[in-house]
Amino acid sequence: MKKILFISLINDYLTAEKPNSPKGTIFLRFPSLALANIAALTPKNYKIKVIDEQISPVDFNLNPDLVAITVNTSVSKRAYEIGDIFKKKGVKVVFGGFHPALMPKESLKHSDAIIIGDAEGSWQELLNDFEKGRLKSKYISDQDISLDIKTPKWEIFKGFGYINTNFVETSRGCTHNCKFCSTSPFYNHKHRTRPIKDVIRDIKKVKSFPKKFIFFVDDNIICDKKYAKKLFKALIPLKIIWISQATTDIGEDEELVKLASLSGCGGLFLGFDSISRSNLIDMSKNHNKIDNYKKTVKLLHKYGIVIEAGFIFGFDNDKKENFKETLKFLTETEIESFLAMYLTPIPGTKIYDDYKKEKRLLTYDYSKYDFRHNVIKPKNMTPEEIYNGINWISSEFNSKKRMAKRTIKRFFYFIKNPSIKSLLQFIGTLAINLAFRNRIKNLSKDGTFPRDFRNI
Ligand code: B12
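Residues numbered from 1 in each chain as written. Predicted model: local features only at pLDDT ≥ 70, side-chain atom pairs only at ≥ 80, totals over all residues. Heavy atoms only, no water.

### A few points about the packing of aromatic side chains
Turning to step 1, where the next piece is worked out: All chains considered together, the criterion is met by 29 aromatic pairs.
Turning to step 2, where the next piece is worked out: Here the aromatic rings of phenylalanine 272 and phenylalanine 329 are separated by 5.6 Å at their centres, their planes lie at 65 degrees, and the arrangement is edge-to-face. Within this pair, whereas phenylalanine 272 is found in strand S12 (residues 265–273), its partner phenylalanine 329 is found in helix H14 (residues 321–333), the two being separated by 57 residues in sequence. Summarising the burial analysis for this pair, phenylalanine 272 and phenylalanine 329 share the class buried.
Turning to step 3, where the next piece is worked out: The structure contains a cluster of three or more aromatic residues connected by ring pairs, namely Phe272, Tyr293, Phe311, Phe313, Phe323, Phe329, Phe338 and Phe397.
Turning to step 4, where the next piece is worked out: The side chain of arginine 406 reaches across the aromatic face of phenylalanine 397, ending 3.7 Å from its centre.
Turning to step 5, where the next piece is worked out: Looking at arginine 410, its charged tip hangs above the ring of tyrosine 413, at a distance of 4.6 Å from the centre. (Phe/Tyr/Trp six-rings, centres within 6.5 Å; stacked < 30°, edge-to-face > 60°. Helix = DSSP H or I, 4+ residues; strand = E, 2+ residues; numbered from the N terminus. Buried < 20%, exposed > 50% of the residue type's maximum accessible area, 1.4 Å probe, protein only. Lys NZ or Arg CZ within 6 Å of the ring centre and 35° of its normal.)

This is the structure:
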């Protein structure tokens, strides 16, 4: 029986939480759905062993026949190290995920084969070739095939102690073309949806408690609004509570928001990204209409949906003043949670090429390309100013006073509208706010939240 070693890695930022082990770190550990999917595609005559470096480091004394690693940009450096060591030992190494697809040449220097795109459709072919000793260097999956996905094999993570493995996909990709996003080029700017009956099948098979709580990992769950409405209608009888990610144009369609809420949507991560129109135009983020931002938040709140707002800083039109204006927007709209990220040109995207050409990249160390380090020279700020600005806005938003106000508001919402969903929203808001505060408290002592640009 051939042995395959599946590996999922952890980026520098998350690893940084380990040594001091702030309370709650365990809640931030999530399993790799990619590996659970690939395991479901692997024939029974293979023995699978899984290592997740969030839990234990790779054991190089293991002697697998094949090593398969899922690789995003910020973990690519570690993937290369591991690939090199196993290759030296004569073990075949395969990479899949965003980074090898976007940077194939570089990735192949540290692996024997890469899969570009979905594992579905290519993994079986790769294993056949491997058995015959004829591994090709590239396997490219067809982005036009329907999303006929098997139920993920969550059993491979037995004993790993993840709090929640209730991850389900309803679609892949996104048709928008925001210049800084790597999802769009990875999926050839296409969006594919799964048959709704398969989504329901997978929801019914999730393993973690509470089984009614689902994370839809789609990049943009409302990318195809017609499909989303059909899906939400079909979810209503299941009485689940779910969270996901969506674009801000959800606020332009009240019926969609209402159906999302009725189907159990408790919270959405929304990429507002900037409150500067010129930044959004520069980044081709045309679906974000600043004039509608407040209306969108109001509408989601009307239907009891909690918001995590994602904002990116470092765009060419960003000035120091943007931090204050953004905080004003967050305060006025009473958004529950906020994530500030550094503009990060992901290798393999157009914006990366532009920054490289303009000599505005401060480092080529991809472990810093995790949206938590500043890796660019901003146009209208110094690296120090952007660092201080992100620290300031994160600390202000997570001040004791603001945090208390937000959680008390959710508590009264729960009292007025008692339900499991509103209770979970209250607990969720409290937990996410405490987690952010905890990070700031624990990590800012050595300047690690957000990571000090001087460390790079
Ligand atoms: C869930 C999620 C997380 C979870 C991760 C859980 C985990 N252990 O994997 C959490 C919240 C922890 C997380 C953290 C981060 N994330 Co995240 N995350 C996602 C999200 C929303 C879904 C990922 C997912 O499960 N997709 C479904 C699976 C099935 O798809 P997949 O992983 O792409 O795998 C398919 C193919 O790529 C391929 N494949 C993948 N790996 C392999 C390996 C082999 C061997 C083979 C054959 C095939 C193969 O086959 C799979 C299909 O079956 C995506 C957005 C998205 N929709 O993709 C962002 C995304 C992956 N995350 C991203 C980022 C930036 C991060 C963070 C750096 C954020 C941060 N600042 O901390 C960290 C990095 C975490 C790390 N491991 O180091 C970016 C990655 C960009 C990039 N180019 O690297 C994405 C694309 C978001 C975005 N739009 O920018 N994330």
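### Here we look at the packing of helix H13 (residues 293–302) against H14
Turning to step 1, where the next piece is worked out: One can describe the packing of H13 onto H14 by two numbers: an axis separation of 10 Å at closest approach and a directional angle of 30 degrees. Between H13 and H14, the angle falls in the class roughly parallel. Crossing hand, H13 versus H14: right-handed. Judged by residue contacts, Tyr293, Lys294, Val297 and His301 of H13 engage Phe329, Glu332 and Thr333 from H14. (Axes fitted to C-alpha atoms, helices over the stretch in contact; angles between N-to-C directions. Parallel < 35°, antiparallel > 145°, perpendicular 65-115°, else oblique. Left-handed = near helix turned anticlockwise from the far one by under 90°. Contact = heavy atoms within 4.5 Å.)

### Digging into the confidence of the model for the chain
Turning to step 1, where the next piece is worked out: Chain-level statistics for the chain give a pLDDT mean of 89 and a share of 92% at 70 or above.
Turning to step 2, where the next piece is worked out: Counted against residues more than four places away or in other chains, residues 443–456, with its pLDDT under 50, gives 42 contacts. (pLDDT = per-residue confidence, 0-100.)

### Side note on the pairing of strand S13 (residues 306–313)
Turning to step 1, where the next piece is worked out: The element S13 is largely enclosed, with a buried count of eight among its eight residues.
Turning to step 2, where the next piece is worked out: Residues Val306, Glu308, Gly310 and Ile312 line one face of S13 and the alternating positions Ile307, Ala309, Phe311 and Phe313 line the opposite face, and both faces are buried.
Turning to step 3, where the next piece is worked out: One ladder, built from six bridges, connects S12 with S13; its direction is parallel. Bridge pairing in S13 links glycine 267 to valine 306.
Turning to step 4, where the next piece is worked out: Both S13 and strand S14 (residues 337–342) contribute to a ladder of six bridges, which runs parallel. (Pairing = 2+ DSSP bridges.)

### Focus on the environment of glycine 310
Turning to step 1, where the next piece is worked out: With respect to the secondary-structure elements, glycine 310 resides in strand S13.
Turning to step 2, where the next piece is worked out: Leave out the neighbours within four places in its chain, and glycine 310 touches Phe269, Leu270, Gly271, Phe272, Asp273, Leu339 and Met341.

### Digging into the site of the ligand
Turning to step 1, where the next piece is worked out: Lining the immediate surroundings of the ligand are 41 residues, of which Phe30, Thr70, Thr73, Asp370 and Arg372 lie closest.
Turning to step 2, where the next piece is worked out: Here a nitrogen atom of the ligand and a backbone polar atom of proline 31 are 3.3 Å apart.
Turning to step 3, where the next piece is worked out: Between the ligand and the protein, one listed contact pairs an oxygen atom with a backbone N or O atom of alanine 119 at 3.1 Å.
Turning to step 4, where the next piece is worked out: Among the elements of the structure, helix H3 (33–41), strand S3 (66–70) and helix H8 (183–186) are those that each provide at least two residues to the shell around the ligand.
Turning to step 5, where the next piece is worked out: With four residues, the single largest contributor to the shell around the ligand is H3.
Turning to step 6, where the next piece is worked out: Summarising the domain contributions, the shell around the ligand has at least three residues from each of domain 1 (2–140) and domain 2 (166–455). (Near = heavy atom within 4 Å. Polar contact = N/O pair within 3.5 Å; in protein donor to acceptor, adjacent residues only side chain to side chain. Domains from an automatic or database assignment.)

### With respect to the domain arrangement of the chain
Turning to step 1, where the next piece is worked out: Domain annotation of the chain identifies domain 1 (2–140) and domain 2 (166–455).
Turning to step 2, where the next piece is worked out: For domain 1 versus domain 2, the separation of C-alpha centres amounts to 27 Å.

### Some thoughts on a nonpolar patch on the surface
Turning to step 1, where the next piece is worked out: Together, Ile408, Phe411, Phe412 and Ile415 give the surface a local cluster of nonpolar side chains, amounting to about 390 Å² of exposed area.
Turning to step 2, where the next piece is worked out: In this fold, isoleucine 415 is placed in helix H17 (residues 400–416). (Patch = residues over 30% accessible without salt bridge, like charges linked within 9 Å, V, L, I, M, F, W, Y side chains within 5 Å. Areas by Shrake-Rupley, 256 points an atom, 1.4 Å probe, with all protein chains shown as cover. Salt bridge = Lys/Arg side-chain N within 4 Å of Asp/Glu carboxyl O.)

### Remarks on unusual backbone geometry
Turning to step 1, where the next piece is worked out: Phi is positive for lysine 239, which is not a glycine, with a value near 55 degrees.
Turning to step 2, where the next piece is worked out: Take lysine 239: it is sitting in the loop between helix H10 (225–235) and strand S11 (241–246).
Turning to step 3, where the next piece is worked out: Judged by its relative accessible area of 65%, lysine 239 is exposed.

### Quick notes on the nonpolar core
Turning to step 1, where the next piece is worked out: Core analysis: the largest hydrophobic core is formed by 53 residues, its most contacted members being Phe216, Phe232, Trp242 and Phe272.
Turning to step 2, where the next piece is worked out: Filtering out sequence-adjacent residues up to four positions away, tryptophan 242 remains in contact with Ile214, Phe216, Ile221, Phe232, Leu235, Ala260, Ser263, Gly264, Cys265, Gly266, Gly267 and Leu268. (Core = buried A, V, L, I, M, F, W, Y, C linked by side-chain atoms within 4.5 Å.)

### As for the side chain of glutamine 425
Turning to step 1, where the next piece is worked out: Locating glutamine 425 in the fold gives a position in helix H18 (residues 420–443).
Turning to step 2, where the next piece is worked out: Judged by its relative accessible area of 6%, glutamine 425 is buried.
Turning to step 3, where the next piece is worked out: Reaching out from glutamine 425, the side chain makes a polar contact with the side chain of arginine 410 at a distance of 3.3 Å.

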